[in-house]
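Coordinate analysis (summary)
What follows is each chain in one-letter form.
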Amino acid sequence: MKNINIFLTLIFIFSTYILLAQNSILYMGATAHLGNGEKIQNSVISIKDGKFDIIGDIRTIKINPSFFDTVYKVYGKHIYPSFIIPNTTIGITEIGAVRATHDYNEVGLYNPNVRSLTAYNSDSKISGTIASNGMLIIQCTPRGGIISGQSSIMYLDKNNWEDAICKADDGIHLKWPSSHYKTGWWAAEGETKKNKKYQEKIDDIISFFKIAKSYFLENNGIDIKLESMKGLFNGSKTLYAHANHSHDIRKIINLSKELEIVKTVIVGAEDALKLVDEIKDNDISLILNRIHRLPESSDSPIDEPFTQAKKLQEHGILFCLSYEGDMEAMGGRNLPFTAGTCVEYGLDYEAAVSSITLNTAKILGIDGFLGSIEKGKDATFFISSGDALDIKTNNVEHAFIKGKKVDLENHQKRLYKKYKKN
């Protein structure tokens, strides 16, 4: 009788395991870049119900492929979590020369109530080209004015803006006035001048934020603009302050401390290395300017933008990469190659992957379910036949959002196939 009970128990366990493995997918043999700084050379990764389940080294983990519905052998390929583009106008602009396609700049200086969410165009032709290079998630961000409005985090492969929502209204974007400005069109010419209206503009910003804090504390009446600011003081929204000069960054940090803004992120941060201690002491995160740019000063080393990431990493500051600037929407597909440049200038490869995956997810507040290949997180990832940070070898063959395959066909690929035949 005892042997029969043991036998029945084993059958029950075996049946349960098969049941649990139903509708599951197994990927074997790829080099997995987990996004958290780790790499598995010969990985085994399983997905169940749209989430990562088993993650391990095929040489050390015992697993029976027959227990899974589908098994893919992807030896020689690379698996990455989805790359994430922060601070971008993808989805709210289409053609740079056609003003009617620009839906990112609202009239007025203080517009915290403006939402990029409802302006997002899920049918943008740009989105398809971005996804083809491994970017499946973006932070759709408004521009213009002093307070530009609220960004939202979106998936790139959805039928409408409602379905595309990853995280709605994640933060308020403040464009901090620059204390200095340059004449001339590039770093090597012109001169640096003081902004004569700088203090006047700063006083206006401080006054607006103090009014918003009072409104949050007293909660009297309804004001649509001040209502949108509440999240900064209860922690439900992030303050994204756009600034580059050390003088401006220090003022932003002081304002955040004074008004007890829960989470502040500096966007741009070209002078961040001058304020390492203050940034660390106040738990400030950074979204860096485009790596492929000229240095701010004509006296700076030409490779200064390329080495910034490595130096910030050495100081233990949380940062991620962005692609803000000229043609940022269409050029966003090149974000991984800016991370590759950082590798060439000293940043560890897996740290570079983190700078466009898990680091970004942490800064945007979505790291609980995205940003890395870890058990229980959404299976939003892609498979490349080459190094995804190398423009010469990157070749995204398959991509998935929550385990669902993404169609990587896009307008440019269709045109290429069309004219290749002729």
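Sequence positions are assigned chain by chain, starting from 1 and proceeding in written order. For a predicted model such as this one, the threshold for reporting local features is a pLDDT of at least 70, and the threshold for listing and counting side-chain atom pairs is 80 or more; totals across whole chains, interfaces and linings nevertheless cover every residue. Derived side-chain values reflect all non-hydrogen atoms in the structure, with water molecules and hydrogen atoms excluded from consideration.

With that out of the way, let us pick up helix H11 (residues 335-344). The element H11 is extensively covered by neighbouring structure, given that eight of its 10 residues are classed as buried. Relative accessibility decides the category of a residue: with a 1.4 Å probe and only protein chains considered, values under 20% of the type maximum give buried, values over 50% give exposed, and everything between is partly exposed. For helices the rule is a DSSP run of H or I covering at least 4 residues; for strands it is a run of E covering at least 2, with both sets numbered from the N terminus onward. Taken together, the buried positions of H11 are Leu-335, Pro-336, Phe-337, Thr-338, Ala-339, Gly-340, Thr-341 and Cys-342. For H11, the elements touching its buried residues are strand S8 (83-88), strand S9 (135-140), helix H9 (304-314), strand S17 (319-321), helix H10 (328-331) and helix H12 (349-354). Just downstream of H11, Gly-346 is the residue with a positive phi angle, here 110 degrees. By definition, residues are in contact when any of their heavy atoms lie within 4.5 Å.

All right, on to the packing of helix H4 (residues 198-218) against helix H7 (residues 246-259) then. Every axis corresponds to a line fitted to the C-alpha atoms, with the helix fit spanning only the stretch in contact, and the corresponding angles, defined between N-to-C directions, vary from 0 to 180 degrees. Relative to each other, H4 and H7 sit at 20 degrees, their axes nearing to 11 Å. Taken together, H4 and H7 sit at an angle that is classed as roughly parallel. Judged by the sense of rotation from one axis to the other, the crossing of H4 with H7 is right-handed. Here H4 contributes Tyr-198, Gln-199, Ile-205, Ile-206, Phe-209, Lys-210 and Lys-213 to the contact with H7, which in turn contributes His-247, Asp-248, Lys-251, Leu-255, Glu-258 and Leu-259. Geometric relationships in this document are graded by angle, where less than 35 degrees denotes roughly parallel, more than 145 denotes roughly antiparallel, 65 to 115 denotes roughly perpendicular, and other angles denote oblique. Crossing handedness is read from the near helix: turned anticlockwise from the far helix by less than a right angle, it gives a left-handed crossing, and turned clockwise, a right-handed one.

Our focus in this paragraph is the nonpolar core. Judged by nonpolar contacts, the single largest core of 92 residues is most densely connected at Ile-147, Leu-174, Trp-176, Phe-209, Leu-286 and Leu-321. Tallying contributions element by element places H4 first for this core, with seven residues. Ignoring sequence-local partners within four residues, the contact set of Ile-147 consists of Leu-109, Tyr-110, Asn-111, Pro-112, Ile-172, His-173, Leu-174, Phe-208, Phe-209 and Met-229. Nonpolar core, defined: a set of buried Ala, Val, Leu, Ile, Met, Phe, Trp, Tyr and Cys residues in which side-chain atoms within 4.5 Å join the residues together. The next biggest cluster of nonpolar side chains, apart from the first, holds 15 residues, and it includes Val-74, Ile-373, Ala-379 and Phe-400.

What follows concerns the side chain of Thr-129. Of note, Thr-129 is situated in helix H2 (residues 125-131). Within 3.5 Å is the distance limit for a polar contact, defined as a pair of N or O atoms, with the added protein rule that one can donate a hydrogen and the other accept it, and that residues adjacent in sequence qualify only through two side-chain atoms. A polar contact is formed between the side chain of Thr-129 and the backbone oxygen of Ile-126, at a distance of 2.7 Å. If sequence neighbours within four positions are ignored, Thr-129 has contacts with Arg-333, Asn-410 and Gln-412.

Take the environment of Ile-147 next. Relative to the assigned elements, Ile-147 resides in strand S10 (residues 147-155). When the C-alpha atoms of Ile-147 and Val-114 are compared, they prove to be 9.3 Å apart, with 33 residues separating the residues in sequence.

The next thing to look at is the sheet that holds strand S1 (residues 24-28). Think of it this way: DSSP has to see at least two bridges between two strands before they count as a pair. Strand order in the open sheet formed by four strands is S5-S4-S1-S6, and the pairing between neighbours is mixed. Because the sheet does not close on itself, it has two edges, and the strands there are strand S5 (51-57) and strand S6 (70-73). Sheet twist, expressed as the mean angle between neighbouring strand axes with direction ignored, is 15 degrees. Across five bridges, strand S4 (residues 43-48) lies against S5 in antiparallel orientation. Note on S5: the bridge partner recorded for Ile-47 is Phe-52.

In this structure, Asp-49 is a non-glycine residue whose phi angle is positive, near 55 degrees. Within the fold, Asp-49 resides in the loop between S4 and S5. By relative accessible area, Asp-49 is classed as exposed at 59%. Within the chain, Asp-169 stands out as a residue other than glycine whose phi angle is a positive 50 degrees. Mapped onto the elements, Asp-169 comes out in strand S11 (residues 165-175).

On the secondary structure map, His-242 appears in strand S14 (residues 238-243). Reaching out from His-242, the side chain makes a polar contact with the side chain of His-173 at a distance of 2.9 Å.

In this section: the state of the cysteines. Cysteine sulfur atoms that pair up within 2.5 Å are treated as a disulfide. The full count for this structure, using the stated rule, is zero disulfides. The cysteine Cys-166 is free of any disulfide, with Cys-140 supplying the nearest cysteine sulfur at 13 Å. There is no disulfide at Cys-320, and the cysteine sulfur nearest it, in Cys-342, is 12 Å away.

In terms of residue burial, S14 counts as a mostly covered element, since six of its six residues are buried. Neither face of S14 is open: one carries Thr-238, Tyr-240 and His-242, the other Leu-239, Ala-241 and Ala-243, and all of them are buried. With five bridges connecting them, S11 and S14 associate as parallel partners. What sits directly across from His-173, in S14, is Tyr-240. One ladder, built from five bridges, connects S14 with strand S15 (residues 264-268); its direction is parallel. Bridge pairing in S15 places Ala-241 opposite Ile-266.

Burial analysis of S9 places six of its six residues in the buried class, which makes it a mostly covered element. Here S9 runs beside S10; their pairing, made up of four bridges, is antiparallel. Bridge pairing in S10 links Cys-140 to Ser-152. In sequence, S9 turns back onto S10 through a hairpin of six residues, with Gly-144 there showing a positive phi of about 90 degrees.

Moving on, we get to the confidence of the model for the chain. For every residue, the predictor states its confidence as a pLDDT score lying anywhere from 0 to 100. When pLDDT is averaged across the chain, the result is 90; 92% of the residues are at 70 or more. Low pLDDT, under 50, characterises residues 10-22; the predicted model gives this stretch 13 contacts beyond four residues in sequence or across chains.

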